[in-house]
Amino acid sequence: MNPDACDPLAHTSMYQRAEEDSDDSDGEGGLGNVSRVIVRPPGHSGKAKRGHLCFDAAFETGNLGRVDLVGEFEYDLFLRPDTCNPRYRFWFNFTVDNVKQDQRVIFNIVNINKSRNLFKDGMTPLVKSTSRPKWQRLPRCEVFYYKSPVHQNHYVLSFAFGFDKEDEVYQFALTFPYSYSKMQAYLNALELKYPDAFERSTLGMSIQNRKLELITFDDVKKPDKVDPKNIIHMVVILARIHPGESPASYVVQGLIEFLAAANQPISKALREHVVFKIVPMLNPDGVFLGNNRCNVIGHDLNRSWNKLSQYTHPTLSAVMKMLKEYDNSSCYQVDFVIDIHAHSSLTGTFIYGSTYDNVYRYERHLVFPKLFATKCEDFCQEHMMFNADDRKSGTARRYFVEALSDIVNTYTLEVSMCGYFLNGTNILTPYTEDGYMRIGRNLARTFLEYYRFTNILPIPPVDELRPRKGRPRTHRPRARSKTRSEVRVRPKTTRAYAPISYTDLSICYDSATSDDGSPVRYMYHGNAGYGGFRMRPHAHQDQFSLSNIQAARFSNLDFTSDFRLKVPKAKAVPEPKIPPIEILNVPPKPHLTIIDFNQLTRGGLDEATAGRGVQSIEREKEKIRRHTLKSCSSRKA
């Protein structure tokens, strides 16, 4: 190995960095978070000026290990690895202040250990400020995730940002933070709002003496006699075993709020028939320290279920003791153990399960994910996985299969740190805090469907299932027919506007047609006539056409001579200039040949219609006209 070689990730600044740690940092051999570190340009000493950025991560859930100025406005940021475990570096949460108006900077996070993550698929960091406390995602056009040749082809996350206000403190984070103190404050507020809805207790203590909270929803009426028919069903929810997966805490908060609501009929029905045991934060020490996956001694707790120790994994030991007691009880039956996580490389919401040699148990194991998929629009079936991988033997999902009875269904519920794709589209919808809590509410609705499906919960009547739309009292319902006709959806077809004239089109349907049998329509474009069309009068125009009846004066009709209208002659009007004629081919209209049926004999129809041309038709017309005139004169006499 070349002795002059150096790790490109150890130092990327173009300026010389002092060997000793800064007086403003918290030390710990460079593994601690920065604490009010002001980054000054080279050659500057004395009091910091406006624009010399001040970085701080010495707060709960904070993570930023070092900052180097590598250019006039570019900074290299180094994440602090998990305590006692330098392998994991992904979570970050820090603040920046002492900024200058309209100051633009570029931040490079250079030591992310997980190259395959959602930054490749469009995830961006979050930012908020003092006057804008709501988290917002940075625009995708300002965020870049790439292999950097300067850093030995390691992946670097770079994002540009412009500070628009001077007296602001800006905070940047990987995803929505959820601290241990926030959980405590939320549970305190919920106890005041719903004092009788749930029971709050301490299941155990962590290594650093933080509480392992346990929330119990139990309104089930206890039977007088223990009997298999009167057994009490139980659901156990675990969350936040990995500190950097903060969306899991929002999912649990949505579930707790839904179950605690007193006026919610679904939550009331669930509390009266099922017992819920919820552990909202399994790794409080790692959350407080701002770790990504490990606890305070560097252990990944979701790989330690098969090697529990009271001294190194006190929170896991307390949960396992509770599960064993209820699983071996004669009056309780643990139906579900669900471990909630947040995924850093996949989108949507999905479930991991296990496989079994028993076919019936495996089929029963698939029921809950199927019901959950129908309740969540963001559920992604492509990411579901059911296996029996030995490499995952230390996870809760795999360990509880062997440690608990066969009745227990154990799942891992995964939610994406970024967002989800709408069904059938490529539109990525980012998750928000309320979006994660909505998943928790959908989880409660899925439990309702499952226990109705298994006849644990009663199915309400049909009238209660139909939604009732509120109407004002003044509304008088309209009488409706008992038989409802089926409403057919109109097909989506393209509309083409046909050149139709509402005046007489003067089409001759007799034998004087074109050679191909289709009549010729002559259309004159102009201002004359209705709709901007005017038609040339035809010699064989029908007097009973709609346009002639509307335009003619009925007092001048004369049926004694012929079938033509006699309209007074109007004054001569100069003919407008006629534009070129547009010829449209119209399919021939079916017509009947005029036949005197009174003179037909048996078998004479063919003889009467054979060889009849224009002259024979005119003769028949003349006969009918004479017959009509004769009848009229006889009636007058």
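Criteria and cut-off values
- Residues numbered from 1 in each chain as written.
- Predicted model: local features only at pLDDT ≥ 70, side-chain atom pairs only at ≥ 80, totals over all residues.
- Heavy atoms only, no water.
- UniProt positions renumbered as here; feature names shortened; annotations may be inferred.
- Core = buried A, V, L, I, M, F, W, Y, C linked by side-chain atoms within 4.5 Å.
- Buried < 20%, exposed > 50% of the residue type's maximum accessible area, 1.4 Å probe, protein only.
- Domains from an automatic or database assignment.
- Contact = heavy atoms within 4.5 Å.
- Patch = residues over 30% accessible without salt bridge, like charges linked within 9 Å, V, L, I, M, F, W, Y side chains within 5 Å.
- Areas by Shrake-Rupley, 256 points an atom, 1.4 Å probe, with all protein chains shown as cover.
- Salt bridge = Lys/Arg side-chain N within 4 Å of Asp/Glu carboxyl O.
- Lys, Arg positive; Asp, Glu negative; His and termini not counted.
- Charge placed at Lys NZ, Arg CZ, Asp CG, Glu CD.
- Helix = DSSP H or I, 4+ residues; strand = E, 2+ residues; numbered from the N terminus.
- Pairing = 2+ DSSP bridges.
- Axes fitted to C-alpha atoms, helices over the stretch in contact; angles between N-to-C directions.
- Expected span 1.5 Å × (residues − 1).
- Phe/Tyr/Trp six-rings, centres within 6.5 Å; stacked < 30°, edge-to-face > 60°.

- Within an unreviewed UniProt entry, the label attached to the protein chain reads AGAP001814-PA-like protein, and the organism entered is Anopheles sinensis.
- Check the Cofactor (unreviewed entry) section of the UniProt entry for the protein chain; it says "Zn(2+)".

1. Regarding the nonpolar core
The tendency in soluble globular proteins is for nonpolar side chains to be buried side by side.
Argument step 1. Among the nonpolar cores identified, the biggest contains 99 residues, and Phe55, Tyr75, Phe107, Phe163, Phe172, Ile338 and Phe447 are the most heavily contacted of them.
Argument step 2. Among the domains, domain 1 (37-173) and domain 2 (180-454) are the pair contributing at least three residues each to this core.
Argument step 3. Once residues lying within four places of it in the same chain are set aside, the contact partners of Phe447 are Val235, Ile237, Leu270, Phe276, Phe336, Ile338 and Phe368.

2. Description of a positive patch on the surface
Argument step 1. Taken together, the side chains of Lys114, Arg116, Lys120 and Lys147 present a region of like positive charge at the surface.
Argument step 2. The topology assignment puts Lys114 in the loop between strand S6 (103-109) and strand S7 (126-128).
Argument step 3. Residue classification places Lys114 among the partly exposed positions, given a relative accessible area of 33%.

3. Details of the sheet that holds strand S12 (residues 199-205)
Argument step 1. Read from one edge of the open sheet, 8 strands run S12-S13-S15-S14-S16-S19-S17-S18, paired in mixed fashion. Among the strands making up the open sheet, the edge pair consists of S12 and strand S18 (385-387). Pairwise comparison of adjacent strand axes, ignoring direction, gives a mean angle of 20° for this sheet.
Argument step 2. In this sheet, strand S15 (residues 274-279) lies alongside strand S14 (residues 232-239) in parallel orientation, the contact comprising 6 bridges. Looking at S15, one finds that Ile237 is bridged to Ile278.
Argument step 3. Each of strand S13 (211-217), S14 and S15 is contacted by helix H3 (residues 265-273), which is oriented at about 100° to S15, the strand it contacts most.

4. Digging into the UniProt feature "active site" (unreviewed entry) in the protein chain
Argument step 1. The UniProt entry lists Glu414 under the feature "active site" (unreviewed entry), expressed in the numbering used here.
Argument step 2. Considering the arrangement of structural elements, one finds Glu414 in strand S19 (residues 409-416).
Argument step 3. Here Glu414 is in contact with His341, Ala342, His343, Gly348, Thr349, Phe350 and Tyr352, once residues within four sequence places are set aside.

5. A closer look at helix H2 (residues 247-260)
Argument step 1. When the terminal C-alpha atoms of H2 are compared, their 20 Å separation across 14 residues agrees well with the 20 Å that a helix rising 1.5 Å per residue should span.
Argument step 2. Burial analysis of H2 places 13 of its 14 residues in the buried class, which makes it a mostly covered element.

6. Re the packing of aromatic side chains
The geometry of an aromatic ring pair is captured by two quantities: the separation of the ring centres and the angle between the planes.
Argument step 1. Under the counting rule described, the total for this entry stands at 40 aromatic pairs.
Argument step 2. Aromatic side chains Tyr145 and Tyr155 sit 5.0 Å apart centroid to centroid with 15° between the ring planes, which places their arrangement in the stacked category. Within this pair, whereas Tyr145 is found in strand S9 (residues 143-148), its partner Tyr155 is found in strand S10 (residues 154-163), the two being separated by 10 residues in sequence.
Argument step 3. For Tyr145, a relative accessible area of 16% puts it in the buried group.

7. Considerations on the pairing of S15
Argument step 1. Most of S15 sits out of view: 6 of its 6 residues are buried.
Argument step 2. Along S15, one buried face is formed by Val274, Phe276 and Ile278 and the opposite face, lined by Val275, Lys277 and Val279, is buried too.
Argument step 3. Relative to S15, S13 runs antiparallel, the two sharing 3 bridges. Within the sheet, the bridge partner assigned to Ile215 lies in S15 and is Ile278.

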